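Coordinate inspection notes
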Amino acid sequence: MIVGSSCLVGFLMVTGLIVSGVSKNADLLAALLVDGYYLGSIGTSLMVIVTSYGREVVWSLLVIVMFLAGSKRTKLLAVELAALFIIGIVMGDFAKILVGRLRPDVASGIVLRVPAEIDSSYPSGHALIVSIGAAFSLARFRRKTLAAFLALEAGLVCYSRVYVGVHYPLDVVGGVLLGIAIALTGAVAVEKLLGPVFEKLLEPIMMVLKTGPLDV
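Residues numbered from 1 in each chain as written. Predicted model: local features only at pLDDT ≥ 70, side-chain atom pairs only at ≥ 80, totals over all residues. Heavy atoms only, no water.

Turning next to the overall build of the chain. Counting secondary structure elements, the chain contains 8 helices and 0 strands. What you see in the chain, going N to C, is helices and strands ordered as α-α-α-α-α-α-α-α. Taking all 216 residues of the chain together, 45% fall into the buried category. Within the chain, contacts between residues separated by at least 24 positions form 83% of all contacts whose residues are at least 6 apart in sequence. Surface summary for the chain: the accessible area is close to 11,000 Å², and the carbon and sulfur share equals 74%. (Helix = DSSP H or I, 4+ residues; strand = E, 2+ residues; numbered from the N terminus. Buried < 20%, exposed > 50% of the residue type's maximum accessible area, 1.4 Å probe, protein only. Contact = heavy atoms within 4.5 Å. Areas by Shrake-Rupley, 256 points an atom, 1.4 Å probe, with all protein chains shown as cover.)

Of note, H126 is situated in helix α6 (residues 125-140). Within the local environment of H126, its side chain forms a polar contact with the side chain of R161, the two groups lying 3.5 Å apart. With sequence-adjacent residues up to four places away left out, H126 is seen in contact with T51, R55, E56, V157 and R161. (Polar contact = N/O pair within 3.5 Å; in protein donor to acceptor, adjacent residues only side chain to side chain.)

Turning our eyes to something else, we now look at the layout of surface pockets. Of the pockets and cavities examined, the largest pocket occupies roughly 330 Å³. The wall of the largest pocket is formed by 14 residues, among which K24, R101, L102, R103 and Y168 lie closest to the centre. Elements that contribute at least two residues to the lining of the largest pocket include exactly α1 (2-20) and α2 (24-36). Sort the elements by how many residues they give to the lining of the largest pocket and α2 lands first, with 3 residues. (1 Å grid on protein atoms, 1.4 Å probe; cavity = no way out; pocket = protein on both sides within 12 Å on 5 of 7 lines; lining within 4 Å. Points joined across faces, edges and corners; volume = space filled by probe spheres on them.)

Turning next to the nonpolar core. The nonpolar side chains of a soluble globular protein tend to be buried with one another. With 40 residues, the main nonpolar core has M66, L81, F85, I132, F136 and F141 as its most contacted residues. Where this core is concerned, the elements lending two or more residues are α1, α4 (56-69), α5 (72-99), α6, α7 (144-163) and α8 (169-208). Aside from chain neighbours lying at most four places away, what touches M66 is T74, K75, L77, A78, F141, L214 and V216. With 5 residues, the next largest nonpolar core counts M47, V114, V164 and V166 among its residues. (Core = buried A, V, L, I, M, F, W, Y, C linked by side-chain atoms within 4.5 Å.)

Next up on the list: the environment of A139. Within the element layout of this structure, A139 appears in helix α6. The exposure class assigned to A139 is partly exposed, which follows from its relative accessible area of 46%. Residue contacts for A139: discarding those within four places in its chain leaves K144 and L184.

This next bit is on helix α3 (residues 40-53). Along an α-helix, residues three or four apart share an orientation, since each turn contains 3.6 residues. Taking 1.5 Å per residue as the helical rise, α3 with its 14 residues ought to reach 20 Å, and the 20 Å between its terminal C-alpha atoms agrees with that figure. Those residues of α3 lying buried are G40, G43, T44, M47, V50 and T51. Along α3, the residues classed as buried sweep out an arc of 125° about the axis, all on the same side. Of the residues in α3, the exposed ones pointing more than 90 degrees away from the buried face are S41 and I42. (Expected span 1.5 Å × (residues − 1). Arc of directions from axis to C-beta.)

Taken together, the side chains of I49, Y53, V57, V58, L61, I64 and L68 present a nonpolar region at the surface, about 630 Å² in accessible area. Counting only elements with at least two residues in the nonpolar patch, the list comes to α3 and α4. Looking at which element gives the most residues to the nonpolar patch, the answer is α4, with 5 residues. Relative to the elements of secondary structure, L61 occurs in helix α4. (Patch = residues over 30% accessible without salt bridge, like charges linked within 9 Å, V, L, I, M, F, W, Y side chains within 5 Å. Salt bridge = Lys/Arg side-chain N within 4 Å of Asp/Glu carboxyl O.)

Evaluation of the coordinates by the stated rule reveals 4 aromatic pairs. Between W59 and F85 the ring centres are 6.2 Å apart and the planes differ by 75°, which places this aromatic pair in the edge-to-face class. Residue W59 is found in helix α4, and its partner F85 is found in helix α5; the two are separated by 26 residues along the sequence. Taken as a pair, W59 and F85 share a single burial class, namely buried. The interplanar angle of 85° and the centroid separation of 6.4 Å between the aromatic rings of F136 and F141 together place this pair among those described as edge-to-face. For the residue pair F136 and F141, the accessibility class agrees, reading buried in each case. Above the ring of Y163, the side-chain terminus of R113 is found at 4.1 Å from the ring centroid. (Phe/Tyr/Trp six-rings, centres within 6.5 Å; stacked < 30°, edge-to-face > 60°. Lys NZ or Arg CZ within 6 Å of the ring centre and 35° of its normal.)

This next bit is on the confidence of the model for the chain. Put simply, the chain has an average pLDDT of 90, and 89% of its residues get 70 or more. The least confident element of the chain is α8, whose mean pLDDT is 78; the most confident is α7, at 97. (pLDDT = per-residue confidence, 0-100.)

Put into structure tokens, the structure is as follows:
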């Protein structure tokens, strides 16, 4: 709870910097440094793949596999994680509407390596979702190797968003902070308030889906 609350405060501080415009020049300079450090054709192709599939595909498949092949505990974790993702999407979209930050401009020297995106730049929705997943995994999974791998994947997704030219670094930082805050504080609330409800909903499903061997 302390880490989650601290991250929420950090998110509000970063949001203040964005809205006030104080960090604009420094953020653009940092974006140009990351975007301009060419990783070669193979590295760039990897970043494009990661940024294109590292959020929806990886994390959606994880939740599906956990739910279909997992033990009762793993199935419950899958439902909780899905709920946190939904909360993250709603909060992220609301923040985007409130802030309304423009995406990086190619006229400023940014090299765009994927099709341009037109919605608000802050906070990064990719960074938000994968950070929810990574923080939740590190906090709740027993298999720490798996959790560490997922955290590494999340880090690559966050870096790729700046490298391909669709986000400023502070967009990603804001998404990460909000994601961790939602994962760590929201998980407690979801488990306490909705945990019993989820368990009751799982009972008839468990009669159809046998308990799987997967226990994360």
